[in-house]
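# Overview (structure and organization)
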Amino acid sequence: MYNHILSIILFTPLVGAFVLLFVPKENKDAVRWIANIFALAGFLVSLPLVPWFWDKRFEAGFKFIEGGT
């Protein structure tokens, strides 16, 4: 999963915005709920990065690159 986590974090809000295109703007509660759910999802997906970065923070040449090993 770490190979594509940057893309998942990046595109989660984009997917949420796409979903919001189909919600009527008069339904403000639904818009708020959907926006908050996708924002929370992006945050939750990024949480596994904290311990992973913490373990590798002192390795020489450490970079976080999409698809890198």
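Each remark here, short or long, concerns the structure printed above.
Worth saying up front: this structure is predicted, and the values here are computed from it rather than measured. Throughout, residues of each chain are indexed from 1 in the direction in which the sequence is written. Where totals are concerned, whole chains, interfaces and linings use all residues; where local detail is concerned, this predicted model gives features only for residues with pLDDT of at least 70, and gives and counts side-chain atom pairs only at 80 or more. Hydrogens and waters are ignored; side-chain quantities use all the structure's heavy atoms.

## Structural notes on a nonpolar patch on the surface
The patches reported here contain residues having more than 30% relative accessible area and no salt bridge. Joining distances are 9 Å for like charges and 5 Å for nonpolar side chains (Val, Leu, Ile, Met, Phe, Trp, Tyr). In these tables, accessible area is a Shrake-Rupley quantity obtained with a 1.4 Å probe, and a residue counts as shielded only by the protein chains included in the view. Any Lys or Arg side-chain nitrogen found within 4 Å of a carboxyl oxygen on Asp or Glu counts as a salt bridge. Together, Leu40, Phe43, Leu44, Leu47 and Val50 line one region of the surface with nonpolar side chains, adding up to about 470 Å² of accessible area. The element best represented in the nonpolar patch is helix α2 (residues 28-46), accounting for three residues. Take Val50: it is sitting in helix α3 (residues 49-56). Note on Val50: relative accessible area 54%, which makes it exposed. Helix and strand definitions follow DSSP, with helices as H or I runs of at least four residues and strands as E runs of at least two, each counted in order from the N terminus. Exposure classes here rest on a 1.4 Å probe applied to the protein chains alone. A residue is buried below 20% of its type maximum, exposed above 50%, and partly exposed in between.

## Some details on the pattern of salt bridges
Counted under the stated rule, the structure contains one salt bridge. For Asp29, the salt bridge goes to Arg32, with nearest N and O atoms at 3.4 Å. Residue Asp29 and its partner Arg32 are located together in helix α2, separated by three residues, close to a single helical turn.

## Considering the environment of Thr12
Within the fold, Thr12 resides in helix α1 (residues 5-20). Given the relative accessible area of 11%, Thr12 is considered buried. Taking C-alpha positions, Thr12 is 5.7 Å from Gly42, a pair spaced 30 residues apart along the chain. Contacts of Thr12, omitting those with residues within four sequence positions, involve Phe38, Ala41 and Gly42. We call two residues contacting when some pair of their heavy atoms lies within 4.5 Å.

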